[in-house]
Every structure is written in structure tokens, then in C-alpha cells.
Protein chains: 6
Amino acid sequence: MADFTPKTQGPFADIAPALDQLTQQVLFGDVWERPELSKRDRSLVTVAALVAQYRINELPFHLQFAQQNGVTRDELVELITHLAFYAGWPAASTAVGIARKVFAEGT
Amino acid sequence: MADFTPKTQGPFADIAPALDQLTQQVLFGDVWERPELSKRDRSLVTVAALVAQYRINELPFHLQFAQQNGVTRDELVELITHLAFYAGWPAASTAVGIARKVFAEGT
Amino acid sequence: MADFTPKTQGPFADIAPALDQLTQQVLFGDVWERPELSKRDRSLVTVAALVAQYRINELPFHLQFAQQNGVTRDELVELITHLAFYAGWPAASTAVGIARKVFAEGT
Amino acid sequence: MADFTPKTQGPFADIAPALDQLTQQVLFGDVWERPELSKRDRSLVTVAALVAQYRINELPFHLQFAQQNGVTRDELVELITHLAFYAGWPAASTAVGIARKVFAEGT
Amino acid sequence: MADFTPKTQGPFADIAPALDQLTQQVLFGDVWERPELSKRDRSLVTVAALVAQYRINELPFHLQFAQQNGVTRDELVELITHLAFYAGWPAASTAVGIARKVFAEGT
Amino acid sequence: MADFTPKTQGPFADIAPALDQLTQQVLFGDVWERPELSKRDRSLVTVAALVAQYRINELPFHLQFAQQNGVTRDELVELITHLAFYAGWPAASTAVGIARKVFAEGT
């Protein structure tokens, strides 16, 4: 990561600038933009991974981002219901609670 | 689960008949058939949950089933590449190894 | 899940009615009622799975429910102590903190 | 762990003698012997933690050990069926496969 | 754990005295003191395990303890950046958030 | 990832070329080379994350790579012993088994 790379201004820039650059340039700048999978599909897959791994802090952003990428609220709820079987009821229960909050905030 | 329920003949029927019934009647008979999410979407979500959780024994079936449900091999590989970032390189590395084998078997 | 099925009124009914039905009718209505394992044993097993998976949001309910099903507080603490070895000290540490709170609330 | 402690002869003794001592003296010598929870209960809890965490290599021993501690095969199968809901179908599916093998070996 | 063992006064002493004794006498009294691995190395390894497992409640203490054991803040941030690849971006994202708070509290 | 990027020849090149490029160019080409953390420290942290997450397929390579980066076998065994407490005995037990094999192969 050469010094002349323009600094990124993402959410980790303050204390983890290298992670911020990797996030902005590689993850969002490259991977999410690859045409091999649509953004809607990438959001389905990302939310599924977060629900299954109980990543409670990252779910709010990605439940919103999924909606921007064309996943409806009904589809998000159905995804969580489906994952009750593939990741266990507790993972689904926590995801429903987070979705309820995110949806109520109108975002 | 009343005794008069016809016995199911799925993969758990021999030693876990109740789990087999739940699998055939509730999971595959009901949940997978719900129209709120397409089968292709359900497969994306299921494979994502399996990759993220390192469920090595269940991945082969669902990599095949996903193809039956309309997910292409290229999309499955891209899903795994995407999840390298959301579940870690080791989860992606193991999933690539399993996908290589499943694809080579022509299934 | 046919439309004429009476709607359930559990904790997910507001935004995830299908998950609520599955929870009330299949999980609590059927599985928890099966005589093959006592409710006390089911609670031991459920709490163990929650502690081991760090399911922090679902532990409070099941620590209370376990007591209703005949598991004593001393047994719950010993279960957590035992699981320090089988799921790691961090899982036990978090479970002790949750148990302390649940017990203090007199529930 | 002073040098004069008599060496243990457990399964890790060859390359991890300190872990072996901790296993034999603390885990099996002390924790499993504490009267606060019966050995049958400890086995239920241990097997539950292994199933939920997909600890495939440690399940065979503990499925056998649970039977020695008074858990029947039917109860073990029911425990796995119950955990399909609390740890996900994939965890239960793998546990059924391991149980089938362990039971078939007559152990 | 014989009755004449002096009671420990650690963080679990109030409701889980046996776990407290094991923590103070075995984990901190013995394992952390073994010369086979330096305390700095043990902290690197412990923080890595906590980040990878998303043990959000135990990370604050160990991010502080790691600094006492000679790991710098820059090294902790780099460890988290490295683990974005080995445990996934969500684990790293949450760890950065906790580190930001711990560092800001001047501890 | 533009087409004119020279193709990499790593272990995923055959069926997942984009993941292979990310692995060779970003993970090994950039992250592992960053001076903010020594390679020995990166190996300690990587092996810890693999042990804690039960990444059984990736452990053999990283137990070897750690030795190339200056971690001794005794230190690897002690790391596993330490992690018995932070990730649970089953994770340590499986890691000991893999280490035994890797060490016996003289690598």
C-alpha cells in the first residue's frame, strides 16, 4: 500500500487507515462492483452470512444496503425465516429484532 | 407428531425419523416451497450460510441443489469469492475445494 | 402454510408471521412437547447450545425457562462452569454476566 | 506446573504434555467429578455444545461417553433433533451421520 | 477442588466461585505464567481468538491487558486488519469499534 | 480487476481466478508484507484464528508456514494449550491432532 495512494475517508479511517483503504478500494471499489454477481445477489449473500454468524453490529447497515440494492423487506424477513433452519432459531430471532428496528427507523 | 402421520423416507429416516419428518414435511415441504423468496434466492442464501459456518458436510448437496435451482457455477464461485471478505479466507478456501470436487463430478 | 391457518401471536408475529407460526406450532407446539426427552433435559441442552454459540440475546429467556423446567440456579452456574472447558472461557464469562442479571431480577 | 508433578498418560501426552495434564487432572479429575451436576447432565451439556459448534472430531468419543453416563441412544437422537432448531439443520445433519456410525460400531 | 482451598476474589466469585477459582488459579495462576510462550505472545493469541470468535464482551479487557503485556496500539490495529482476512470483515469491523472506545478511554 | 492484470498462479487459479488474484496480490502481496507487524506475529495471530474457528483444512499449511516464520513447534503447542481456555478443549484437541501429523511429516 504505497504512500502516494490517496487516503480513504471511510468508517475505519480514523484509527485503522489500512483497513479503511482495503475496505473502500478492494471490497467496495472492486469486489462489490464485479459483474459476475448482481448487487441484489451480493446483498442476499452478505445478509445471509451476517445472520448465520450472528454479526449483530454489521446487520443494520447491510439490511439497509440490501434494500438499496433491490431486496424488499418481505424478502429480508423471508430470508431470516429460511435461515432459522440453516443457522438456528437464535440467529433468526436476533435478526428479526434487528430488522424490526431498522425497518421502524424508516430506512 | 401423531403416529398416523405417514413415515417419510429421507436421509435421516433410519435412525432419526422425527428429524426426517421435520425435514421432509416442514423444511422441504413447506419452507422451500413458500413463494415469498424464489428457489434460486433460497439456494444463494443457503449456500452462503453453509460457507460462512464452515458446514463442510452439507455443502456438496447444496452446491448441486443450487445449480438445479438456477445458480450457475460462475455465480457460485463468485459467491464464495465475495464471502472470503464476509466470512474469512479460510471459509472461502475450503468452499473452493469442495466446489472443485462437486463440479468435477459433473453434478 | 395455508392462509386459513389461525394466526399465532408470538414474539415474531408483527413482522415475521411465518416464523412466528413455525415457532409456536412446530418448535414449541411439537418439538418441546415430544416425550422422548424431558423438558428439563431440553432446557439443559438448549442453554448449553446458546452458551456455546454466544447467543447473548436468547440466553435471558432460556435461563428463566430452564428454571421453570426444573433446572436450579446452582445447576445453571455449574453448566456454565463446565462449558468454560467445552466452549471456552469467553463464552462462560459472558454467560455468567447474563445469569447474574437474570437471577438478580428475581426471575 | 512444577516438574515433580507426575506425568499424565492421556491422548495429548506425546506432544502436548501440559494440555494432557490439564485435561486429566483439571477437566476429568476435577470438573467432571464435581457433584453439582450429574455425569448424565454433564454429558447432555457436552454433547449439545459439540453438536452446536460442529466439533466433528470430538463427537464420536462423547456420544460413546454419554452412553456410559446413562444417556440412551434414543435420547441422543432426540437431543440432535432438538438442536436442529437451536443450532441449525446442518449441525444436526452432521451429528446424525456421526451418531449412525458410532451406534453401528456397537459402542 | 478441596474445601480448604482459599477462596478467590475474581470477577466470577459472587455467583460462580468454582469458575472463579479455575480462572484465578489455573488460567491466570498457571497457564498465563508458563514460560513456554511470552506474555506478549499470549496476548496476541488471545486477542486474535476473541476477534475471530466475535467475543465482544471480553475484548475490552484483553485489548487493555495486551497493552500491559507490551503490544502497542498500532500492533493491535494491524492484528485486527490482518484478521479481516482470516475471520472476515464483520469481525474486524466490530473489533475496530471496540478498540476505538478502549483507546479513547486512555486505557 | 481489469483483464490486462497478469493472471496469478496460486491454489485457486483453476476455478476461482479472482479469489486467487486477491489472495496473491492483496493478502500475500500486500497485507502479509506490511511492516506494522512481524511475520512471526502474523503467523501467531493467523494460527490462533484458525484454531479458534476450527478451520481444519487451513491449519496444516499455516502450522508449516508459522515455522518458516520463526515460530517453534514448542510455541505452537503452547499456543494450542493456551487456546484450550479461550476457544474450548475441542478446538485444542483437534489442533493437537493436526499438529501431530504436520510435525511427523517433518515439515
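Residues numbered from 1 in each chain as written. Chains lettered and ligands numbered in written order. Predicted model: local features only at pLDDT ≥ 70, side-chain atom pairs only at ≥ 80, totals over all residues. Heavy atoms only, no water.

1. Observations regarding the pattern of salt bridges
The condition is simple: Salt-bridge detection follows one rule: a side-chain nitrogen of Lys or Arg within 4 Å of a carboxyl oxygen of Asp or Glu. Strands here mean DSSP runs of E at least two residues long; helices mean DSSP runs of H or I at least four residues long; both are numbered from the N terminus. Three exposure classes are used, based on accessible area relative to the maximum for each residue type with a 1.4 Å probe and protein chains only: buried under 20%, partly exposed in between, and exposed over 50%.
Inspection of every chain in the model, using the stated rule, returns 48 salt bridges over all chains. The partner of Arg 100 of chain A in a salt bridge is Asp 14 of chain C, with the nearest N and O atoms 2.7 Å apart. A residue pair is termed interchain when its members come from two chains, as with Arg 100 of chain A in helix α5 (residues 89-104) and Asp 14 of chain C in the segment before α1 (17-28). Two residues, Glu 36 of chain D and Arg 34 of chain D, come together in a salt bridge whose shortest N-O distance is 3.6 Å. Residue class for Glu 36 of chain D comes out partly exposed when judged on its relative accessible area of 38%. Its relative accessible area of 14% is what places Arg 34 of chain D among the buried residues.

2. Quick word on the relation of the copies chain B and chain A
A rotation about an axis combined with a shift along that same axis relates the two copies of the chain. Rule in force here: For this overlay, a least-squares fit was computed on C-alpha atoms, restricted to residues scoring pLDDT of at least 70 in both copies. A contact between two residues is defined here by any heavy atoms of the two lying within 4.5 Å.
Superposition of chain B onto chain A requires a rotation of 180° combined with a translation of 0.0 Å along the rotation axis, giving an RMSD of 0.0 Å. Expressed as a symmetry operation, the mapping of one chain copy onto the other fits a two-fold axis. The fraction of interface residues of chain B whose copies in chain A are also interface residues reaches 100%, indicating that both copies meet through the same surface.

3. Details of the UniProt feature "domain: Carboxymuconolactone decarboxylase-like" (unreviewed entry) in chain A
Note the threshold: UniProt positions are given in the numbering used here, feature names are shortened, and annotations may be inferred rather than shown by experiment.
When the UniProt feature table is mapped onto this chain numbering, "domain: Carboxymuconolactone decarboxylase-like" (unreviewed entry) sits at residues 17-100 of chain A. Structurally, residues 17-100 of chain A is divided into 76% helix and 0% strand, and its ends, taken at the C-alpha atoms, are 33 Å apart.

4. Quick notes on the nonpolar core
To keep things clear, this is the line we draw: What we call a nonpolar core is a set of buried Ala, Val, Leu, Ile, Met, Phe, Trp, Tyr and Cys residues that are connected through their side-chain atoms within 4.5 Å.
Counting 252 residues, the largest nonpolar core has Phe 85 of chain A, Phe 85 of chain B, Phe 85 of chain C, Phe 85 of chain D, Phe 85 of chain E together with Phe 85 of chain F as the members making the most contacts within it. Apart from the residues within four sequence positions on either side, Phe 85 of chain C is in contact with Val 26, Leu 27 and Val 31 of chain D, Leu 22 of chain E together with Ala 84, Gly 88, Trp 89 and Pro 90 of chain F.

5. Some details on empty space enclosed by the protein
Which entries qualify depends on this criterion: Both site types are read off a 1 Å grid over the protein atoms alone. A 1.4 Å probe that fits but cannot get out defines a cavity, while an open set with protein on both sides within 12 Å along at least five of seven lines defines a pocket; lining residues have an atom within 4 Å of a point. Grid points are joined across faces, edges and corners, and a volume is the space filled by probe spheres set on the points. Only Asp, Glu, Lys and Arg are considered charged, only Ala, Val, Leu, Ile, Met, Phe, Trp, Tyr, Cys and Pro nonpolar, and every remaining residue, Gly among them, polar.
Counted under the stated rule, the structure contains 1 cavity of 30 Å³ or more. Approximately 590 Å³ is the volume found for the largest cavity. What lines the largest cavity is a set of 27 residues, among which Gln 53 and Arg 55 of chain A, Arg 55 of chain C together with Gln 53 and Arg 55 of chain E lie closest to the centre. Looking at the lining of the largest cavity residue by residue, the class counts come to 15 nonpolar, 6 polar and 6 charged.

6. A word on the relation of the copies chain C and chain A
Its rotation angle being 120°, the transformation that places chain C on chain A also includes 0.0 Å of axial translation and leaves an RMSD of 0.0 Å. In short, the pair behaves as if placed about a three-fold rotation axis. For chain C, the smallest separation between a C-alpha atom and the rotation axis is recorded for Tyr 54 of chain C, amounting to 5.1 Å. Little of the interface of chain C is mirrored in chain A: 12% of its interface residues are interface residues there too.

7. Here we look at the interface of chain C and chain A
Rules: Defined in terms of a 1.4 Å probe, buried area is the accessible area two parts forfeit on being brought together, summed over both. Within 3.5 Å is the distance limit for a polar contact, defined as a pair of N or O atoms, with the added protein rule that one can donate a hydrogen and the other accept it, and that residues adjacent in sequence qualify only through two side-chain atoms.
Listed by partner, the interface residues are 16 residues for chain C and 17 residues for chain A. Summed over both partners, the interface of chain C with chain A buries about 1400 Å², with 66% contributed by carbon and sulfur atoms. It is Ile 15, Leu 19 and Arg 55 of chain C that lose the most area in chain C upon contact with chain A, and together they represent 40% of the buried surface on that side. Applying the counting rule to chain C against chain A returns 1 salt bridge. On the surface where chain C and chain A come into contact, there are 9 residue pairs in polar contact (both at pLDDT 80 or more). Take the side of chain C that touches chain A: its biggest share by element is 5 residues, from α1 of chain C.

8. Let's talk about the interface of chain B and chain A
Chain B puts 27 residues into the contact, and the matching count from chain A is 27 residues. Surface buried jointly by chain B and chain A totals about 2600 Å² across both partners, of which 67% is contributed by carbon and sulfur atoms. If you sort the residues of chain B by the area they bury against chain A, Glu 78, His 82 and Tyr 86 of chain B come out on top, with a joint share of 27%. In this structure, the connection of chain B to chain A is made through 6 salt bridges. In this structure, the salt-bridge partner of Glu 78 of chain A is Arg 42 of chain B, at a minimum N-O distance of 2.8 Å.

9. Concerning the side chain of Thr 46 of chain B
Here Thr 46 of chain B shows up in helix α2 (residues 39-53). A polar contact is formed between the side chain of Thr 46 of chain B and the side chain of His 82 of chain A, at a distance of 2.7 Å. When near neighbours in sequence (up to four residues on either side) are disregarded, Thr 46 of chain B contacts His 82 and Tyr 86 of chain A together with Trp 32 and His 62 of chain B.

10. A look at the layout of surface pockets
Over the atoms, a rolling probe the size of a water molecule traces out where space has been left empty. Estimated volume of the largest pocket: approximately 500 Å³. Considering the residues around the largest pocket, the lining is formed by 21 residues, among which Ser 93 and Thr 94 of chain A together with Phe 12, Asn 57 and Glu 58 of chain C are closest to the centre. Looking at the lining of the largest pocket, the elements that each hand over two or more residues are α5 of chain A together with α1 and α3 (59-68) of chain C. The element best represented in the lining of the largest pocket is α5 of chain A, accounting for 7 residues. Per-class residue counts for the lining of the largest pocket are 11 nonpolar, 8 polar and 2 charged.

11. Some thoughts on helix α3 (residues 59-68) of chain E
Inclusion rule: This arc is taken over the directions from the axis of the helix to the C-beta atoms.
For α3 of chain E, every residue scored as buried is listed here: Leu 59, His 62, Leu 63, Phe 65 and Ala 66 of chain E. Mapping the buried residues of α3 of chain E onto a view down its axis gives an arc of 165°, with all of them on the same face. Packed against the buried residues of α3 of chain E are α1 (17-28), α2 (39-53), α4 (73-87) and α5 (89-104) of chain E together with α4 (73-87) of chain F. Of the residues one or two after α3 of chain E, Gly 70 of chain E is the one with positive phi, at around 100°.

12. Some thoughts on the environment of Gln 68 of chain A
Residues and elements named next belong to chain A. Looking at the secondary structure, you find Gln 68 in helix α3 (residues 59-68). For Gln 68, a relative accessible area of 64% translates into the label exposed. Sequence separation of Gln 68 and Arg 40 is 28 residues, and the distance between their C-alpha atoms is 8.7 Å.

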